[in-house]
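Structure assessment
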Amino acid sequence: MGDTLEFNDIYQESKGSWHDGRLRLSKQSVVYKSSKTGKVDSIQAAELSQATWRRVCLGHGIKLATSNGHVYKYDGFRDTDFEKISEFFKVNYKLDLTEKDMCVKGWNWGTAKFTGPLLSFDVNDSSVFEIPLASVSQCATGKNEVTLEFHQNDDAEVSLMEVRFYVPPGIADEGADPVEAFAQNVLSKADVIQATGDAVCVFKELQCLTPRGRYDILIYPAFLHLHGKTFDYKIPYTTVLRLFLLPHKDQRQMFFVISLDPPIKQGQTRYHFLILLFSKEEELRLTLNMNEEEVEKRYEGKLSKTMSGSLYEMVSRVMKALVNRKITVPGNFQGHSGAQCITCSYKAQGTTTTRSFDFEIETKQGNQFTFSSIEREEYGKLFDFVNAKKLNIKNRGFKEGMKGKNNEYSDSDDDQHDAYLERMKAEGKIREEGDGSDDSEGETDELEREDVAEEYDSNASESDSGSGGDDSEDEGKKKPAKKTKVVKERKERKPRKEKKQKDANAPKRPMSAYMLWLNSSRERIKSEHPGISITEISKKAGEMWKQIQKDDREEWDRKAEEAKRNYEKAMKEYKESGGGASAPAKKESKKKPAGKKEDKKRKSSGGEKEKERGGGGNDSFKSREFISSEESSSDGERKRSKKPKDGKTKSKESEDEEVEEAMTTPATSEEDSD
């Protein structure tokens, strides 16, 4: 057997609520740490006097009693843990772990026994229930009854308010009344605060923010008393968890914060924090209501009989000595305005604006705390502070984006990751790369541009119908770029080429890094969010992808690059093996549109189109009203159009030859085209 035993998910009862934690058994001590409050119970091995193993509500539990009268109870053990715990106690603590059954008869009469801090109600020497007297807040007596009231716990869904005992008439020990004797036994160990004697010191009319008002604070050895005009509060030092001394944002005031568990109550309102506000300039001379020897003996130099200084220093110094806890003060953090704090909201519902952000903290136990409505200017300072503490930050990329631009009117949605948009961009990029590798489509489009340019380009017709004859034809052939430019301005192309059939044997296009990650994480997202819709999966995946660390994202980027290389290699092999359309088929697809254009051009060469074009470059336009009777318009147009028509047919044939030559030769000079 090892030197220690550790158990997780062990529960401890606190005012009607169960808190989980960890229990460690070592040779020197028994240590239990609560996961909720962080409170540590340490029991020295030499102080243990009794250990009992019992079957209780959450499984099996251990009850430990010490020589100084304290009792500790832990629940949540399994039945198989008894043997190793019993052996560990016998070897290291020289103590037997005895088994004891609880009474489950359901009787409401029995014997009340006071054992240390517990009131045990027994039937036939078996316990029915036990009441920790420290949880009793009030004890009242009647004729034959004793009523116990209990401190309430906000974490408990169901709370026990009071228990009433009927005490039969009779004579108690030493001839006392049995009801009074019962009540005195309860009050001797109960957490009932009674102000007896003089206070150690008094602070007059301190400003309190929660609960709001002016209060006199009377400091007693075991508790502090808040006395106001309407309410009085008695706060035992055992309920104080932490102390804070914090500066105000204006650097002229100080806060003194007392964390309480259980909180103080005012009607249905509970205050977990007692917040006092002081001015730095307010001074105080304080004299304790004790002699110097008693002060030295009780507080060991932490306090003196007479002290002077700032009011907040006096209050914090006295509280630290009496509560015996450290005071938390700010470190080296400085916000945007130079203060050691930042303004935020906690558990407040409000609209989110682009000028503020939220700061979420997750503890090792899985608890999350969200501080909202923090000014946007504080982001850089807060980021650097948290990063210096070497804590994991989920949105590292957000800070760099804020440094580059500070647009107060920008939309917060711009920072969101749109999974659908990213996927469309990636697929579009891959589609462009795949389409660019097919040269036959580009050649067919270029051939169609040449035909359309010749049909619709007014410059081409003017050069053909001009008086220059052959010179104008050669000039028109030497400037194909000019024709292409005109076609771009007039994209009135009705016929569409047929959609290319996809080959089932062609390699599949690779996916982006995000899509690879999404396919591998889709089932995990569904399992973590049961019932989530398809659209919500994409939205949730986008948020998760945005929060992925840089190293993990680089891994998916490498996988995407590898998939892309494999696709390019497979596509190259696919083309070399003759995949896709054959060369004759491509050539035939090129010639068909040219033939259609040729027929269309020949049909439109005469008629109204030539009438509107008129004569050569030097002839002015004549409408039908001004045509002379000596010359027939039809005869004149035939004469004018005869030569250009033949020339145009000739230029078309020569252009077809040039296009075929340009498709086989990378570049041709003007001398070759002549």
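Residues numbered from 1 in each chain as written. Predicted model: local features only at pLDDT ≥ 70, side-chain atom pairs only at ≥ 80, totals over all residues. Heavy atoms only, no water.

The name given to the protein in an unreviewed UniProt entry is FACT complex subunit SSRP1, and the organism recorded there is Umbra pygmaea. Heading Sequence similarities (unreviewed entry) of the UniProt record for the protein holds this comment: "Belongs to the SSRP1 family." (UniProt positions renumbered as here; feature names shortened; annotations may be inferred.)

A look at the pairing of strand β5 (residues 48-56)
Regular strands show a simple pattern: their side chains alternate between the two faces of the sheet. Bridge count between β5 and strand β6 (residues 59-66): eight bridges; the pairing is antiparallel. In the sheet register, W53 faces β6, and the bridge partner there is I62. Connecting the antiparallel pair β5 and β6 is a turn made up of two residues. Where β5 meets strand β8 (residues 97-99), three bridges bridge the pair, whose relative direction is parallel. (Pairing = 2+ DSSP bridges. Helix = DSSP H or I, 4+ residues; strand = E, 2+ residues; numbered from the N terminus.)

Regarding the packing of helix α12 (residues 513-528) against helix α13 (residues 534-546)
Contact geometry of α12 with α13 gives a least axis separation of 10 Å together with a crossing angle of 115°. In the crossing of α12 with α13, the sense of the turn from one axis to the other is right-handed. Counting all contacts with α12, which are made through A513, Y514, W517, L518, R522, R524, I525 and K526, the residues of α13 involved are I537, S538, K540, A541, G542, M544 and W545. (Axes fitted to C-alpha atoms, helices over the stretch in contact; angles between N-to-C directions. Left-handed = near helix turned anticlockwise from the far one by under 90°. Contact = heavy atoms within 4.5 Å.)

With respect to the nonpolar core
By size, the foremost hydrophobic cluster in this structure holds 41 residues, and its most contacted members are F203, I219, F256, L303, V315, V318 and M319. Ranked by residues supplied to this core, first place goes to helix α4 (residues 311-323) with nine residues. Setting aside its immediate chain neighbours within four residues, F203 contacts Y215, D216, I217, I219, L284, L286, L311, M314, V315 and V318. Counting 24 residues, the second-largest nonpolar core is a separate cluster that includes I10, Y32, F89 and Y93. (Core = buried A, V, L, I, M, F, W, Y, C linked by side-chain atoms within 4.5 Å. Buried < 20%, exposed > 50% of the residue type's maximum accessible area, 1.4 Å probe, protein only.)

As for the environment of K526
Positionally, K526 belongs in helix α12. Through-space distance from the C-alpha of K526 to that of I537 is 7.6 Å; in sequence the pair is eleven residues apart.

Topic: the sheet that holds strand β13 (residues 145-150)
Strand order in the open sheet formed by three strands is β12-β13-β14, with antiparallel pairing between adjacent strands. The open sheet has two edge strands with one neighbour each: β12 (136-141) and β14 (162-166). Looking at each pair of strands side by side, their axes are set apart by 15° on average, direction ignored. Sheet topology note: the β12/β13 ladder contains five bridges and is antiparallel. When the sheet's bridge partners are listed, C139 is paired in β13 with L148.

Section: a negative patch on the surface
On the surface, a cluster of negative charge is made up of D551, D552, E554, D557, E561 and E568. Considering the arrangement of structural elements, one finds E561 in helix α14 (residues 550-576). A relative accessible area of 44% places E561 in the partly exposed class. (Patch = residues over 30% accessible without salt bridge, like charges linked within 9 Å, V, L, I, M, F, W, Y side chains within 5 Å. Areas by Shrake-Rupley, 256 points an atom, 1.4 Å probe, with all protein chains shown as cover. Salt bridge = Lys/Arg side-chain N within 4 Å of Asp/Glu carboxyl O. Lys, Arg positive; Asp, Glu negative; His and termini not counted. Charge placed at Lys NZ, Arg CZ, Asp CG, Glu CD.)

Considering the pattern of salt bridges
A side chain of one charge can pair with a side chain of the opposite charge if their charged atoms are brought near each other. Enumeration according to the criterion identifies 15 salt bridges in this entry. A salt bridge links R298 to E294; the shortest N-O distance between them is 3.6 Å. Residue R298 and its partner E294 are located together in helix α3 (residues 292-299), separated by four residues, close to a single helical turn. Its salt-bridge partner being R524, residue E528 comes within 3.6 Å of it at the nearest N-O pair.

Focus: α4
When the terminal C-alpha atoms of α4 are compared, their 18 Å separation across 13 residues agrees well with the 18 Å that a helix rising 1.5 Å per residue should span. Counting buried positions along α4 gives ten out of 13 residues, so the element sits mostly inside the fold. Looking only at α4, the buried set comprises L311, Y312, M314, V315, S316, V318, M319, A321, L322 and V323. Once α4 finishes, N324 follows within two positions and takes phi at roughly 65°, a positive value. (Expected span 1.5 Å × (residues − 1).)

Looking at the packing of aromatic side chains
Geometry of an aromatic ring pair is reported as the spacing of the ring centres plus the angle between the planes. Tallying each qualifying case throughout the model produces 21 aromatic pairs. Ring centres of F89 and Y93 lie 5.0 Å apart, and the angle between their planes is 80°; this geometry places the pair in the edge-to-face category. In this pair, F89 and Y93 both sit in helix α1 (residues 81-93), four residues apart, roughly one turn of the helix. Assessed through its relative accessible area of 0%, F89 is described here as buried. Three or more aromatic residues joined by ring pairs make a cluster, and in this case those are F114, F121, F129, F165 and F182. The ring of W556 has K559 sitting right over it, with the charged end atom 4.1 Å from the ring centre. (Phe/Tyr/Trp six-rings, centres within 6.5 Å; stacked < 30°, edge-to-face > 60°. Lys NZ or Arg CZ within 6 Å of the ring centre and 35° of its normal.)

Quick notes on the sheet that holds strand β25 (residues 345-346)
Here three strands make up an open sheet; going across it, the order is β25-β27-β26 and the pairing antiparallel. In this open sheet, the two edge strands, each paired with only one partner strand, are β25 and β26 (356-362). Here β25 runs beside strand β27 (residues 368-375); their pairing, made up of two bridges, is antiparallel. Looking across to β27, one finds that S345 is bridged to S372.

Re the state of the cysteines
On inspection of all chains with the given rule, the structure shows zero disulfides. The closest cysteine sulfur to the non-disulfide-bonded C341 is located on C344, 9.5 Å from its own sulfur. (Disulfide = S-S within 2.5 Å.)

Some words on a nonpolar patch on the surface
There is a patch of nonpolar side chains on the surface, built from Y346, I361 and F369 and spanning about 240 Å² of accessible area. Here F369 lies in strand β27. Accessibility expressed as a relative area gives 32% for F369, which makes it partly exposed.

Looking at the environment of E293
Summarising the element assignment, E293 is placed in helix α3. What makes E293 exposed here is its relative accessible area of 68%. The sequence separation of E293 and S304 amounts to eleven residues, and the corresponding C-alpha distance is 9.7 Å.

Description of the environment of I525
Here I525 shows up in helix α12. Exposure remark for I525: the relative accessible area of 0% places this residue in the buried category. Along the sequence, I525 and S538 sit 13 residues apart, while their C-alpha atoms lie 9.9 Å from each other. Setting aside residues up to four positions removed in sequence, I525 forms contacts with K540, A541 and M544.

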